[in-house]
Amino acid sequence: MGQIKVLDENMINMIAAGEVIERPASVVKELLENSIDAVATRITVSIEDGGRKLISVADNGCGMDAEDLAKAFEPHTTSKIKNSADLHRISTLGFRGEALASIGSVAQVRTVSRAKDTLTANCIEIDCGNKGNVNPCSGDYGTTIEIRDLFYKLPARRKFLKTANTETGHITEVFIRIALANAALDMTLLSNGREIYRLSGKDGLGRRIADLFSAEISQDLIETESQEKGLQILALIGGSHTSRTNNKFQYVFLNGRFIHDKFISHAIKEAYRGIIEPDRFPVVFLFIKLPFEDYDVNVHPTKIEVRFFNSNLIHSQILGVLRQKLLGTNIETPVKLPAKDNDNITGTGQRSQNITDAMAEFFKRHRPAHSQQQISFPYKPAERNSIGRIEKETQYAERHPLNAIQIHDNYIVAQTEDGFIIVDQHALHERIMYENLRRRISAGSLESQKLLIPESFEITDAQAETIKNNSELIEKLGIELAAFGPKTMAIQSFPSILSKVSPLDFVGDLIDLLENRELNLDAQRLLDEILNMAACKAAIKAGQKLNDREIEQLLADGKTVDCAGRCPHGRPTTIKFSMSELEKQFKRT
Ligand code: ADP
Ligand code: MG
């Protein structure tokens, strides 16, 4: 006897529910999307016990009449697509017609709906697939769906639900994503009767981000836009001090739909390369608009992943618009001192300890003498011990008092208009050198100098091969190499800007880098790595004493380069202390 049977309708729905309805948050997502598709302008979500006991979504959208209400919970019923052509230009969030049928098969559902221009509302109840009749009832325009006791007849599924707190967290995340994508909607979220969010559609996106996350995150965002080749991008991007250890705060929306996309995540990461630390993730809100024909949403049951037909375009446009904005913005690192009286300022690691020590030392030596409002940094030649230098520097100081000093042969403390900064001398000089090299190389104006005595070095055959394969790049870097006998080469010329770097040392490291490069590192990335290395070698070292002239030069050069706030590895070069922060610490406010 044959073993194959046709599944009954409720089984089909329950199987579909397994794909679409994983947990209470999935129900909330489907219902919110339906309300948005129904053109609601106000939506209220209310949950109890993490959505396990109750999920209710009420909207003021177009509603359903009695006939539609009877159909809405049947499998594969949708008002959103009519033919296969529609499938290629889906503008609604839903279209598969399986959400309500799935939900109705795994919970107790009561729906009240009233269509525009009708006199009464109608109501339908479904209990795990057992559908009642549609009955008239009283109700406002729009639709209210209540889901009780999700999975109550499926103990195995119910067992997989987490604590009420965890499930509430998932629901909140769904709510946040939809609230961000639809900033013009009035939206409210209640949990066990307590209001979690009440968002007005009139407040704008910035305020919405502040309400959903924090004012600090919202204030740190910079905005940039682009529109090219049918692709429209609006990006709100965060700086370094709101960055995170994971990418949870990166929200990407495609035509109003929250999506996860590897290409886009990669583009964001690339855009921030050298601007924040490599292991940090910036806060990013990215709103993309693209013609519906240019991607496919029908690749994943919950539609969280899409397939772009031209993912390279998406990647390069996003990378381009973010990178340009970031390079043109000096991302500063303001300092947050602890609010309480606290002698041992706790920071992370040795670096902040160094800074703390340096500050303490600095304030010990340079008490503000008279000025009340302004801390001045009078030049004090007498504190130097070399007679010759005092004389020389006194003249210099008279000519031009410098509001900066070096501490611990490592940091520069300089007065600014509204406070002071501490500069990491190596990090800032590294950025300056890097930008200089980059500019000269792209302008083709990197000067190189013949060495008086060529410096020779031994090479293996593999290294000779590497040199040969990269001859164009090496030449572009202003380095001239020539054979100098068997297995020996000599450096003939070397870039003048790297005059402080040992040619042998540099060329040795360059060959190492070229030999070990990741196979698919593109030319741009490779050049970047080389410039990073060059900048690091050429920059003033930590622990190097600087005279006033050098300090002044360093600070002045810092003002002329892009991204001076960050070293090429993305670490801060400069930390800002504002007067208001200081005044708070000294209890003046
Ligand atoms: P889909 O959204 O994929 O069409 P659903 O099962 O989610 O499938 O919904 C089925 C249909 O029920 C929708 O196409 C829509 O016509 C109707 N519907 C669902 N929710 C609402 C709502 N909140 N307001 C008005 N109509 C709704
Ligand atoms: Mg739907």
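The structure this text deals with has already been given above.
Residues numbered from 1 in each chain as written. Chains lettered and ligands numbered in written order. Predicted model: local features only at pLDDT ≥ 70, side-chain atom pairs only at ≥ 80, totals over all residues. Heavy atoms only, no water.

Asker: Mind showing me how you'd approach the sheet that holds strand 23 (residues 488-495) here?
Answerer: Note on sheets: strands pair through backbone hydrogen bonds, and any given pair is parallel or antiparallel. Pairing is antiparallel in the open sheet, where three strands are placed in the order 21-23-22. Here the strands that pair on one side only, and so sit at the sheet edges, are strand 21 (448-458) and strand 22 (480-483). Recorded for the sheet is a direction-independent mean angle of 20° between the axes of neighbouring strands. Pairing analysis gives four bridges linking strand 22 to strand 23, with the strands arranged antiparallel. Within strand 23, the position partnered with Ala-482 by the bridge is Ala-490. Contacting strand 21, strand 22 and strand 23, helix 16 (residues 503-516) runs over the sheet at an angle of about 65° to strand 21. (Pairing = 2+ DSSP bridges. Helix = DSSP H or I, 4+ residues; strand = E, 2+ residues; numbered from the N terminus. Axes fitted to C-alpha atoms, helices over the stretch in contact; angles between N-to-C directions. Contact = heavy atoms within 4.5 Å.)

Asker: Would you mind showing me how to read the sheet that holds strand 10 (residues 222-228) here?
Answerer: Taken together, five strands build an open sheet; the order of strands is 10-11-14-12-13 and the sheet is mixed. Strands with a single pairing partner mark the edges of an open sheet, and in this sheet they are strand 10 and strand 13 (257-258). Strand direction decides the pairing type here: strand 11 (residues 231-237) and strand 14 (residues 284-289), joined by six bridges, are antiparallel. Each bridged residue has a counterpart across the sheet, and for Ala-235 the counterpart in strand 14 is Leu-286. Running at roughly 40° to strand 11, helix 10 (residues 311-327) makes contact with strand 10, strand 11 and strand 14 of the sheet.

Asker: Quick question: what am I supposed to make of the packing of helix 16 against helix 17 (residues 523-538) here?
Answerer: How two helices pack is summed up by the angle between their axes together with the distance between the axes. The N-to-C vectors of helix 16 and helix 17 enclose an angle of 150°; their axes lie 11 Å apart at closest approach. Here helix 16 lies roughly antiparallel to helix 17, going by the angle between them. For helix 16 against helix 17, the interelement crossing comes out right-handed. Of the residues in helix 17, those in contact with Asp-505, Phe-506, Asp-509, Leu-510, Leu-513 and Leu-514 of helix 16 are Leu-526, Glu-529, Ile-530, Met-533, Ala-534 and Lys-537. Looking at the contact of helix 16 with helix 17 residue by residue, the classes come out as eight nonpolar, no polar and four charged. (Parallel < 35°, antiparallel > 145°, perpendicular 65-115°, else oblique. Left-handed = near helix turned anticlockwise from the far one by under 90°. Nonpolar A, V, L, I, M, F, W, Y, C, P; charged D, E, K, R; others polar.)

Asker: I would appreciate a short explanation of the pairing of strand 19 (residues 411-416) in the present structure.
Answerer: Summarising the sheet, strand 18 (residues 404-407) and strand 19 pair through four bridges and their orientation is antiparallel. Across the sheet, residue Ile-407 finds its bridge partner in strand 19, namely Tyr-411. Taken together, strand 18 and the strand that follows it, strand 19, pair antiparallel across an intervening segment of three residues, in which His-408 is found at a positive phi of about 50°. In this sheet, strand 20 (residues 419-424) lies alongside strand 19 in antiparallel orientation, the contact comprising six bridges.

Asker: How should the pattern of salt bridges be read in this particular structure?
Answerer: Side chains bearing opposite charge may pair, as long as their charged atoms lie close to each other. Scanning the entire structure with this criterion turns up 28 salt bridges. Between Arg-207 and Asp-203 there is a salt bridge whose closest N-O contact spans 3.6 Å. The partly exposed category is assigned to Arg-207, whose relative accessible area is 45%. In this structure, Arg-273 engages Glu-270 in a salt bridge whose closest nitrogen and oxygen atoms are separated by 3.4 Å. Among the charged side chains, a network of salt bridges with common partners joins Glu-270, Arg-273, Arg-525 and Asp-528. (Salt bridge = Lys/Arg side-chain N within 4 Å of Asp/Glu carboxyl O. Buried < 20%, exposed > 50% of the residue type's maximum accessible area, 1.4 Å probe, protein only.)

Asker: For this particular structure, what's the right way to read the site of ligand 1?
Answerer: Looking at ligand 1, there are 18 residues lining it, with Asn-34, Thr-78, Ser-79, Lys-80 and Gly-97 nearest. In the environment of ligand 1, an oxygen atom lies 2.9 Å from a nitrogen or oxygen atom belonging to the backbone of Phe-95. For ligand 1, the protein covers 92% of the area, taking 530 Å² as the surface of the free molecule. Across the shell around ligand 1, the residue classes tally to six nonpolar, eight polar and four charged. (Near = heavy atom within 4 Å. Polar contact = N/O pair within 3.5 Å; in protein donor to acceptor, adjacent residues only side chain to side chain. Areas by Shrake-Rupley, 256 points an atom, 1.4 Å probe, with all protein chains shown as cover.)

Asker: Which parts of the structure should I look at to understand helix 1 (residues 9-20)?
Answerer: An α-helical segment advances 3.6 residues per turn. Residues three or four places apart therefore align on the same side. Taking 1.5 Å of rise per residue, the 12 residues of helix 1 would be expected to cover 16 Å, and the 16 Å separating its terminal C-alpha atoms lies within 8% of that figure. For helix 1, the complete set of buried residues consists of Asn-13, Ala-16, Ala-17 and Val-20. Along the axis of helix 1, the buried residues cluster in a sector spanning 110°; they form a single face. The secondary structure elements touched by the buried residues of helix 1 are helix 2 (24-37), helix 4 (99-105) and helix 5 (155-159). (Expected span 1.5 Å × (residues − 1). Arc of directions from axis to C-beta.)

Asker: Whenever I open this one, the environment of Leu-161 confuses me. Can you help?
Answerer: Here Leu-161 lies in the loop between helix 5 and helix 6 (164-181). Assessed through its relative accessible area of 9%, Leu-161 is described here as buried. Between the alpha carbons of Leu-161 and Leu-150 there is a distance of 9.9 Å; along the sequence they are 11 residues apart. Other than its neighbours up to four places away in sequence, Leu-161 contacts Glu-22, Arg-23, Pro-24, Arg-52, Phe-151 and Glu-167.

Asker: In this structure, what is going on with the packing of aromatic side chains? I would like to understand it.
Answerer: Remark: the centre distance and the inter-plane angle together describe each pair of aromatic rings, the angle taken between the planes. Under the defined criterion, the tally for this structure stands at 12 aromatic pairs. The interplanar angle of 10° and the centroid separation of 5.8 Å between the aromatic rings of Phe-175 and Tyr-197 together place this pair among those described as stacked. Highlighted residues: Phe-175 in helix 6 and Tyr-197 in strand 9 (residues 194-199), separated in sequence by 22 residues. Overall, the relative accessible area of 0% leaves Phe-175 in the buried class. Both rings, one in Phe-420 and one in Phe-577, keep their centres 4.6 Å apart while their planes meet at 0°; by these two values the pair is stacked. Of the two residues, Phe-420 is situated in strand 20 and Phe-577 in strand 24 (residues 574-578); the sequence distance between them amounts to 157 residues. Each member of the pair, Phe-420 as well as Phe-577, carries the same accessibility label: buried. Put simply, the rings of Phe-213, Phe-249, Tyr-251, Phe-253, Phe-258, Phe-285 and Phe-287 pair up and form one aromatic cluster. The ring of Phe-249 has Arg-244 lying over it, and the distance from NZ or CZ to the ring centre is 4.3 Å. (Phe/Tyr/Trp six-rings, centres within 6.5 Å; stacked < 30°, edge-to-face > 60°. Lys NZ or Arg CZ within 6 Å of the ring centre and 35° of its normal.)

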